[in-house]
There are 2 protein chains.
Amino acid sequence: MAEEAAVRAQAETVRRLKQDNADPDEIAKEVTKLLEMKAQLGADEGKQKFVLKTPKGTRDFGPKEMAIRERAFKAIISCFKRHGAEVIDTPVFELKETLTGKYGEDSKLIYDLKDQGGELLSLRYDLTVPFARYLAMNKITNIKRYHIAKVYRRDNPAMTRGRYREFYQCDFDIAGQFDPMIPDAECLKIVHEILSDLQLGDFVIKVNDRRILDGMFAVCGVPDSKFRTICSSVDKLDKMPWEEVRSEMVGEKGLSPEAADRIGEYVQLHGGLDLIERLLQDPKLSQNKLAKEGLGDMKLLFEYLTLFGITGKVSFDLSLARGLDYYTGVIFEAVLLQQENEHVEEPVSVGSVAGGGRYDGLVGMFDPKGRKVPCVGVSIGIERIFSILEQRLEASEEKVRTTETQVLVASAQKKLLEERLKLISELWDAGIKAEMLYKKNPKLLNQLQYCEDTGIPLVAIVGEQELKDGVVKLRIVATREEVSVPRESLVEEIRIRTSQC
Amino acid sequence: MAEEAAVRAQAETVRRLKQDNADPDEIAKEVTKLLEMKAQLGADEGKQKFVLKTPKGTRDFGPKEMAIRERAFKAIISCFKRHGAEVIDTPVFELKETLTGKYGEDSKLIYDLKDQGGELLSLRYDLTVPFARYLAMNKITNIKRYHIAKVYRRDNPAMTRGRYREFYQCDFDIAGQFDPMIPDAECLKIVHEILSDLQLGDFVIKVNDRRILDGMFAVCGVPDSKFRTICSSVDKLDKMPWEEVRSEMVGEKGLSPEAADRIGEYVQLHGGLDLIERLLQDPKLSQNKLAKEGLGDMKLLFEYLTLFGITGKVSFDLSLARGLDYYTGVIFEAVLLQQENEHVEEPVSVGSVAGGGRYDGLVGMFDPKGRKVPCVGVSIGIERIFSILEQRLEASEEKVRTTETQVLVASAQKKLLEERLKLISELWDAGIKAEMLYKKNPKLLNQLQYCEDTGIPLVAIVGEQELKDGVVKLRIVATREEVSVPRESLVEEIRIRTSQC
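Since the model is a prediction, treat every value here as computed from it, not as a measurement. (Residues numbered from 1 in each chain as written. Chains lettered and ligands numbered in written order. Predicted model: local features only at pLDDT ≥ 70, side-chain atom pairs only at ≥ 80, totals over all residues. Heavy atoms only, no water.)

**Comments concerning the relation of the copies chain A and chain B**
Reasoning step 1: Rotating chain A by 180° and moving it 0.2 Å along the rotation axis overlays it on chain B with an RMSD of 0.8 Å. The two molecules are tied by a two-fold rotation axis, judged by turn and shift. Of every C-alpha in chain A, the one belonging to Lys114(A) sits nearest the axis of rotation, 1.8 Å from it.
Reasoning step 2: Residue by residue, 100% of the interface of chain A is reproduced at the interface of chain B, so both copies engage with the same surface. (Least-squares fit on C-alpha atoms with pLDDT ≥ 70 in both. Contact = heavy atoms within 4.5 Å.)

Below you can see the structure in the form of structure tokens.
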């Protein structure tokens, strides 16, 4: 840059004056000039250093990503609607105190808004707590709803694996006092339907129950006060080997090695109805009231899942803990299984794509009289699903259309802008999806090229002759076929040629 | 409350001791006790004072509001798609510096996030600045996109009139170097289509041009340095009478009374092509380069709008200014007209429902080399539209369904839960929208009542006899008619009976 060169030249001048033992006043004058030049340069640099980016852990969705995103949403929403859910929406931020005390160790990840006078606010961390607040505030004791919206976590982003600071959650919840395990089974059915529908490959839905976990902790000799913290250690078993989790329990959390080892034996168990039956006979667990309740309900759940025909993908897994504080009963998490290397014995999990559980106490935390509304729900972790769909689409080289335009209104000669405007207006008013180039005199070739590039299937061409004859030339882009269509039947012709049926 | 009574009793004790000139130590002891009790009561009150509400200026959308909202979105999105727009999405927050210097006097309404270490962030104030940032960041010079998302303004809420702190904007913008006024005319066509489609009653789209405004300010004798602030005074003319605006200009902003009066003459003008022609002949305005350019383009715009057949609802209005700093050319705003009192001569405007304009310099503000991307766009102010649709629906007493459930799976006798689960699972798997009550043995009457309440049109009833015969009894809720349907044709039968065709 010219300015930098000038600064370097000035520095050289100063150096030489000093070397030559020049008049101190003259040196001082040149040094001042140098400092001024440097300051100016610094200011300019500061100005140019404006960073053009989205905030850390967030991203834009361009038209192509949006097309993929909308496909996934469509599958999810149609599943939620198939199960009779209503839809609600809540503000992106809540009073700070609404979120306080709901997320355990994760609370530090909440985004707070600046205190600009007025209420203290935080961005929502999930959709479950706002849902509970909504129920309590409106005294709703019975609802089945879905909610699809962005949530915010100041977590360490890992964007290639679909972990963002701003991300969508797609939640389906059933609130109300019902007979046991019927809504819980429906939540699992929903996960099964969505993951099957999106064709994400093989998956397994791990299921456990907080009461079984707590009972297990009790019979293993974990003191009551350590239940939650030991639970959050167990929660790490999907990312850490048992040995590390064990040393966290014993070292950091002060659990006795014997208790840890007893836990270690349980958490490696997973299976189906047979395992539930076995544990119901377990001499220690069966003596614990909580565990017995949990196991009884787990048995009922598996009976319902058998009727739904989905037990093949469901695994009762004693290592599943889930991090959040508010769960009280059944918990579950769906993970995709890696299939690339097909001769490995046990497929490797590539991460959770859905999770949820029962939280019977959360609404009561918001009710002035503590009235409880039992809830169970599922949250689909859509970002990881996007990542997979994006990668797959890239590999397939399928061309994704990002618009639905049916026809381009084009002209073959110059000076026909007004005719194009008149025609496109007629088409819009008739509900046809139509575009034109925003040029007075576009070349026909450019207009045809635009259709090739964007996937528009038809071109309606107006020319002097067509105008005289009261027709429009309709060109089918794929076949290059051209037909003359009377102006009054153009709309119908376009509809027929672009209908999906 | 018992605690409050105890405090009152203790206060009475202290009062009596003082009255009786009791031992000062004893008084002190009882006063201390009183203070402690009060403090405790205060703490308890603090605990109970947990406020169950959404943040100021925000609201939840329940299922009914969502049903209305989705109707409006559907009309808007289908219009945007009809015009060939792609869709994008950006994060809810931006780097604070991205928003700096874009909104003029309105910048004080921006929500900042708390500095929790890391980048300084603000919630987006509109969708236009994030769009410009997106274009510059991805070096996109040519796109037609829509974006529907929430924006945030710490404004004084007026919720009954649809002014919120969190609200949706539905933006459609065309970016790129094109022949003049073609994309601008399309934006106005879009406003016309959407407002007509939503049947919100009569409306007018006011149009002006920043260049005409600036030219007008110049010929009226407004100093260059006061253009923007005088412009924001003019912007208040839709809410304040001219006299008040004039005194703001002269009093607060130091404009000469003569200049203000000259502005006063212009800003009362509104009309169509005739007015444009007249102003092109105006001895003062026609001498101003900016005004002449603006008027020339305005004439072209009206020619295109004539081809679109929408000039009947468009008014060239010299009082329209629009608050935001970034506009450079055409600006417009759609207002609904009150029609209740039909014999008033000029209909009264009830507020803006759409606005937009040309902003050719905004993208360049983000480009390191200042490369410009001309843009024009429109933003639909959906909240006010919701308010109107909500009020109308309430008045009409139309029953809004909040689910799309086609059939309720019910049982006529007890102990048929398993059969209901099996049947509903079959229906879900076949893509039928089905619900059941989450009870082991629901009464038939309750099941039928649920259909009445929620608008479910069909009931599939299983009973001992039906199971034996391999049929399901299908009840049509509206007519109470019941037909026996073989199990294998149930799905088809439900589809036929609930198809809209």
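**Remarks on the interface of chain A and chain B**
Reasoning step 1: Taken together, the contacts link 88 residues of chain A with 88 residues of chain B.
Reasoning step 2: Taken together, the two surfaces of chain A and chain B that pack against each other cover about 8100 Å², and 60% of this comes from carbon and sulfur.
Reasoning step 3: Remark: the boundary between chain A and chain B carries 44 residue pairs in polar contact (both at pLDDT 80 or more).
Reasoning step 4: Split into classes, the residues belonging to the side of chain A that touches chain B amount to 41 nonpolar, 15 polar and 32 charged. (Buried area = accessible area lost by both parts, 1.4 Å probe. Polar contact = N/O pair within 3.5 Å; in protein donor to acceptor, adjacent residues only side chain to side chain. Nonpolar A, V, L, I, M, F, W, Y, C, P; charged D, E, K, R; others polar.)

**Description of the pairing of strand E14 (residues 458-462) of chain A**
Residues and elements named next belong to chain A.
Reasoning step 1: Of all five residues making up E14, five are buried, and the element is well covered by its neighbours.
Reasoning step 2: Of the two faces of E14, the one holding Leu 458, Ala 460 and Val 462 and the one holding Val 459 and Ile 461 are both buried throughout.
Reasoning step 3: Alignment of strand E12 (residues 407-411) against E14, held across five bridges, turns out to be parallel. By the bridge assignment for E14, Leu 408 is matched with Val 459. (Buried < 20%, exposed > 50% of the residue type's maximum accessible area, 1.4 Å probe, protein only. Helix = DSSP H or I, 4+ residues; strand = E, 2+ residues; numbered from the N terminus. Pairing = 2+ DSSP bridges.)

**Describing the packing of aromatic side chains**
Reasoning step 1: With the rule as written, the count across this model stands at 28 aromatic pairs over all chains.
Reasoning step 2: Taking 5.0 Å as the distance between ring centres and 65° as the angle between the ring planes, the aromatic pair formed by Phe178(A) and Tyr438(B) counts as edge-to-face. Of this pair, Phe178(A) sits in the loop between strand E5 (166-175) and helix H6 (182-197) while Tyr438(B) sits in the loop between strand E13 (434-435) and helix H16 (444-454), on two different chains.
Reasoning step 3: Centre to centre, the rings of Phe80(B) and Tyr146(B) are 5.5 Å apart; their planes meet at 40°, and the pair counts as tilted. With a gap of 66 residues between them, Phe80(B) in helix H3 (residues 63-82) and Tyr146(B) in strand E4 (residues 143-152) connect regions that are remote in the sequence. Summarising the burial analysis for this pair, Phe80(B) and Tyr146(B) share the class buried. (Phe/Tyr/Trp six-rings, centres within 6.5 Å; stacked < 30°, edge-to-face > 60°.)

**Points about the packing of helix H9 (residues 242-252) of chain A against helix H10 (residues 257-267) of chain A**
All names here are of chain A.
Reasoning step 1: One way to put it is that H9 packs onto H10 with a least axis distance of 10 Å and a crossing angle of 145°. Crossing angle aside, the handedness with which H9 passes H10 is right-handed. Contact residues: Trp 242, Arg 246, Met 249 and Val 250 in H9; Pro 257, Ala 260, Asp 261, Ile 263, Gly 264 and Val 267 in H10.
Reasoning step 2: Partitioning the contact of H9 with H10 into residue classes produces seven nonpolar, one polar and two charged. (Axes fitted to C-alpha atoms, helices over the stretch in contact; angles between N-to-C directions. Left-handed = near helix turned anticlockwise from the far one by under 90°.)

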